[in-house]
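Chain and residue survey
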Amino acid sequence: METATLHQNYLLSPSPNSSSLLPLPSFSHRSLHFSPFPSSLSLKLVKGGLSSNALQAVSPFRPDAAVSDICSSETTELADIDWDSLGFAYVPTDYMYTMKCARGGIFSKGELQRFGNIELNPSAGVLNYGQGLFEGLKAYRKEDGNILLFRPEENALRMKIGAERMCMPSPTVEQFVEAVKATVLANKRWVPPPGKGSLYIRPLLIGTGAVLGVAPAPEYTFLIYVSPVGNYFKEGVAPINLIVEHELHRATPGGTGGVKTIGNYAAVLKAQSIAKAKGYSDVLYLDCVHKKYLEEVSSCNIFVVKDNVISTPAIKGTILPGITRKSVIDVARSQGFQVEERLVVVDELLDADEVFCTGTAVVVSPVGSITYKGKRVSYEEGGFGAVSQQLYTALTRLQMGLTEDKMNWTVGLN
């Protein structure tokens, strides 16, 4: 059995690929527990020359793993940052989670490591052939200090589907969810106070093995890092202004537009940069065959409201099946709205009552105007429309634990 020793606030990692000393969060030594390490690892607390079994490793993949044991029962102090000035930008935190797998194998024995740079062979599959996926989800702190995740199993399932398309092995749903829990709890002090934002969680699945010819990589790494982010509309709602792009396209039938592969996002940067230089917020893409059906914005799904009927482009392989999109549809239907998933013609934007976008970062974002072939159509310039406001309020209150979760979507970590 391997043994890792804690000297004061440092964990000596037994992993040959990780740093020798990993500073631990400021948990109390009296009740310190950690569970994101393999079950073959024994951790001992050393203080004043005395050793105790204050830490016992619990595999994150065992059904009976107690994720709540990762944190102490005492309140963890918050990170010393200006929570009011948080935007949606990268902020380094304490720990990241890694787990590796050979091609044709299965993922196992993930571990937390001190957050930092990673090493990659220049011939890594992700660098040469773009063999990579990512996910995005959030953790919220409730008024009672407990932490909530929102539908993490949906992200796990989407990654599995994407991995199959990209010829990559993937963690099981249980492994994914437990790894997310472990990473959030290890970085608990970075979860913003209630109402100040959320902890953005970024799981990655990348081909890290060296490969020269065009082929799947021989090794893969599943990695999770986190970063605190502020409320998207903390200074008031600012409707976005979109321009319809009819020459450049985000995805093609039979391609990878329907999975969250990293290359999809590099492909939108040119059109997005041009649009922003002209004063627009982002780009709304059309299908590449008929050039008349709505698909999605660079990183958001699109919804159109007319006479209280909500329409959104159907998922046909070129549109990412957004988890916020799916949640908004379910919430809308539960509140009595008629929701149609179908082909939506670009001309429907011209007489729509409301248009809004959905995504992990914004949740629901109202569209103030859309410009198509030189013609600008304006909607609710002052903020949300009635429908989008209702859906935004319902969904964010559920995510933050401010209302009863009748959908059974949230996962508590305390």
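See the structure shown above.
Values in this document were obtained by computation on a predicted structure and should not be read as measured data.

1. Considerations on helix α6 (residues 323-334)
For α6, with 12 residues, the first-to-last C-alpha span of 16 Å sits near the 16 Å given by 1.5 Å per residue. Where α6 is concerned, the buried positions are Ile323, Thr324, Arg325, Ser327, Val328, Ile329, Val331 and Ala332. Just past α6, the residue Gly336 takes up positive phi, approximately 95°.

2. Details of the pattern of salt bridges
Side chains that differ in charge, positive against negative, can pair when their charged atoms come close. Throughout the structure, instances matching the rule amount to 13 salt bridges. Its salt-bridge partner being Asp94, residue Arg114 comes within 3.6 Å of it at the nearest N-O pair. Separated by 20 residues along the polypeptide, Arg114 in strand β7 (residues 111-114) and Asp94 in the loop between β5 (50-56) and β6 (95-102) bring together distant segments of the chain. Asp94 sits in the buried class, given a relative accessible area of 4%. Of the charged contacts, one joins Glu341 and Arg333 as a salt bridge, the two residues approaching to 3.6 Å between their closest N and O atoms. Residue Glu341 is classed as partly exposed on the basis of its relative accessible area, which comes to 37%. Taking the relative accessible area as the measure of exposure, Arg333 reaches 40% and is therefore partly exposed. Connected through shared salt-bridge partners, Asp94, Arg114 and Arg189 make up one network.

3. Some remarks on helix α7 (residues 386-399)
In a regular helix each residue adds 1.5 Å, so 14 residues correspond to 20 Å; α7 covers 20 Å between its end C-alpha atoms and thus fits that length. Within α7, burial applies to Val387, Ser388, Leu391, Tyr392, Leu395, Thr396, Leu398 and Gln399. All buried residues of α7 lie within an arc of 155° about the axis, which places them on one face of the element. One or two positions beyond α7, positive phi appears at Gly401, with a value near 75°.

4. Focus on the pairing of β6
A large share of β6 lies buried, amounting to 6 of its 8 residues. Bridge count between β6 and strand β12 (residues 219-229): 6 bridges; the pairing is antiparallel. Opposite Cys101, over in β12, you have Tyr220 as the bridge partner.

5. Quick notes on the packing of aromatic side chains
Considering all chains together, one arrives at 8 aromatic pairs under this definition. Note on Phe150 and Trp409: the rings are 5.8 Å apart at their centroids and 90° apart in plane angle, and the pair reads as edge-to-face. Of this pair, Phe150 sits in strand β10 (residues 147-150) while Trp409 sits in the loop between α7 and β22 (410-412), placing them 259 residues apart in sequence. For the pair Phe150 and Trp409, a shared accessibility class is recorded, and that class is buried. Over the aromatic face of Tyr95 sits the side chain of Arg114, whose NZ or CZ is 6.0 Å from the ring centroid.

The rules behind the values
- Residues numbered from 1 in each chain as written.
- Predicted model: local features only at pLDDT ≥ 70, side-chain atom pairs only at ≥ 80, totals over all residues.
- Heavy atoms only, no water.
- Helix = DSSP H or I, 4+ residues; strand = E, 2+ residues; numbered from the N terminus.
- Expected span 1.5 Å × (residues − 1).
- Buried < 20%, exposed > 50% of the residue type's maximum accessible area, 1.4 Å probe, protein only.
- Salt bridge = Lys/Arg side-chain N within 4 Å of Asp/Glu carboxyl O.
- Arc of directions from axis to C-beta.
- Pairing = 2+ DSSP bridges.
- Phe/Tyr/Trp six-rings, centres within 6.5 Å; stacked < 30°, edge-to-face > 60°.
- Lys NZ or Arg CZ within 6 Å of the ring centre and 35° of its normal.

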